[in-house]
Amino acid sequence: ALFGELTDTSPMYFIAVAAPTISAPILTLGRDGWTGLGSLYGRLIRWRFGLKWYALVLIGIPAVGWIAARITGANPLKEANTIADFLLLMFFILATGPLCEELGWRGFALPRLLKRFSPFNAGLILGVIWGVWHLPSFFVGGMEQNEMSIPLFLLNAIFLSIFVTWVFLHSGGSVLIAVLIHFSVNFCATIIGVTLPALGALLLVANILILAFDKPFGWFHSSNFDYRIISAGEAK
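Mean pLDDT for the chain: 88, with 92% of residues reaching 70 or above. Overall, residues 229–236 carries pLDDT values under 50, and its contacts beyond four positions in sequence, including any with other chains, amount to 15 contacts.

In the structure shown here, the tally under the stated rule is 2 salt bridges. Note that Glu102 and Arg106 form a salt bridge whose closest N and O atoms lie 2.7 Å from each other. A residue pair is termed a helical-turn pair when its members lie 3 or 4 positions apart in one helix, as Glu102 and Arg106 do in helix H4 (residues 83–114) at 4 residues. Note on Glu102: relative accessible area 0%, which makes it buried. Its relative accessible area of 0% is what places Arg106 among the buried residues.

All chains considered together, the criterion is met by 8 aromatic pairs. With centroids separated by 4.6 Å and ring planes inclined at 25 degrees, the aromatic side chains of Phe49 and Tyr54 adopt a geometry described as stacked. Note on Phe49: relative accessible area 3%, which makes it buried. Judged by centre distance (5.3 Å) and plane angle (75 degrees), the rings of Trp53 and Trp166 are edge-to-face. Of this pair, Trp53 sits in helix H3 (residues 51–72) while Trp166 is found in helix H6 (residues 150–170), placing the two residues 113 residues apart along the sequence.

Time to look at the packing of H4 against H6. Closest axis-to-axis distance for the H4/H6 pair is 12 Å, and the angle between their directions is 85 degrees. Judged by the inter-axis angle, H4 sits roughly perpendicular to H6. Residue-level inspection shows Arg106, Leu110, Pro111 and Leu114 of H4 in contact with H6, the latter providing Ser161, Val164, Thr165, Phe168 and Leu169.

This part takes up helix H2 (residues 19–44). Taking 1.5 Å of rise per residue, 26 residues should cover 38 Å, yet H2 covers just 17 Å from first to last C-alpha, more than 12% shy of that figure. Of all the bends in H2, the greatest measures close to 130 degrees and is centred on Asp32. If you follow the buried residues of H2, they end up packed against helix H1 (11–17), H4, helix H5 (119–133), H6 and helix H7 (175–192).

Leu160, Phe163, Trp166, Val167, Ile177, Ile181 and Val194 are the most contacted members of the largest nonpolar core, which totals 44 residues. Listing elements by their share of this core, those giving two or more residues are H3, H4, H5, H6, H7 and helix H8 (196–213). The element contributing the most residues to this core is H6, with 11 residues. Trp166 has contacts with Trp53, Leu56, Ile210, Asp214, Phe217 and Trp219, leaving out every residue within four places of it along the chain. Residues Tyr13, Phe92, Cys100 and Met143 belong to the second largest nonpolar core, which totals 6 residues.

Analysis parameters
- Residues numbered from 1 in each chain as written.
- Predicted model: local features only at pLDDT ≥ 70, side-chain atom pairs only at ≥ 80, totals over all residues.
- Heavy atoms only, no water.
- pLDDT = per-residue confidence, 0-100.
- Contact = heavy atoms within 4.5 Å.
- Salt bridge = Lys/Arg side-chain N within 4 Å of Asp/Glu carboxyl O.
- Helix = DSSP H or I, 4+ residues; strand = E, 2+ residues; numbered from the N terminus.
- Buried < 20%, exposed > 50% of the residue type's maximum accessible area, 1.4 Å probe, protein only.
- Phe/Tyr/Trp six-rings, centres within 6.5 Å; stacked < 30°, edge-to-face > 60°.
- Axes fitted to C-alpha atoms, helices over the stretch in contact; angles between N-to-C directions.
- Parallel < 35°, antiparallel > 145°, perpendicular 65-115°, else oblique.
- Expected span 1.5 Å × (residues − 1).
- Bend = angle between axes of the 7 residues up to and from the residue.
- Core = buried A, V, L, I, M, F, W, Y, C linked by side-chain atoms within 4.5 Å.

Set out below in structure tokens:
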């Protein structure tokens with residue numbers, strides 16, 4: 001009645017999407033005080049974690065997504081006719097999911113899960129929470145998820161959460177890298193047109209490769225991650 005049909009341009013949409021990033025600093029300030037709040041925002045701008053991670057996220061993910069789209073058939077969710085439209089769409093993709101969510105998921109929730117659970121279990125738990133959080137959008141006509149498969153989307157959220165957890169710990173707890181991964185994956189789905197089944201298959205393969213070849217990572221052992229004192233210099 002106040003804002004009209006709920007679409008991805010409605011004010012209520014942005015309030016809902018930004019809930020994790022709005023909640024994170026409030027909860028952090030209440031639990032850890034100003035020091036904790038400074039640590040939270042410090043990890044959001046932590047950028048010194050090695051060029052190979054930038055290459056993996058900003059070049060590797062889109063490249064693999066492009067190949068997958070060519071093989072399985074591209075189905076872009078949005079298209080831009082001009083450069084200005086394309087840049088606006090890129091900003092929209094960055095601002096909505098990545099910036100509106102990651103301060104909550106990887107800034108607040110994941111570090112606390114890592115203090116209690118192994119990296120694999122922490123990523124798994126957060127993936128379930130992350131996927132379920134999206135469920136209301138499946139029942140609103142103006143949302144992109146309205147035409148998606150709920151089980152496939154939940155599996156994608158879990159697979160992506162585990163992958164992000166791996167990169168997060170290898171980057172010294174950087175929330176920025178999580179934002180960039182989220183952006184790259186959404187770019188693949190929205191612009192390149194990678195289908196949900198193809199995206200899920202790629203993420204599953206990535207998880208299997210990580211588990212198989214990064215054995216020293218300690219997937220199933222307690223990480224004892226201290227989100228308040230870890231420094232960018234510890235990034236691997």
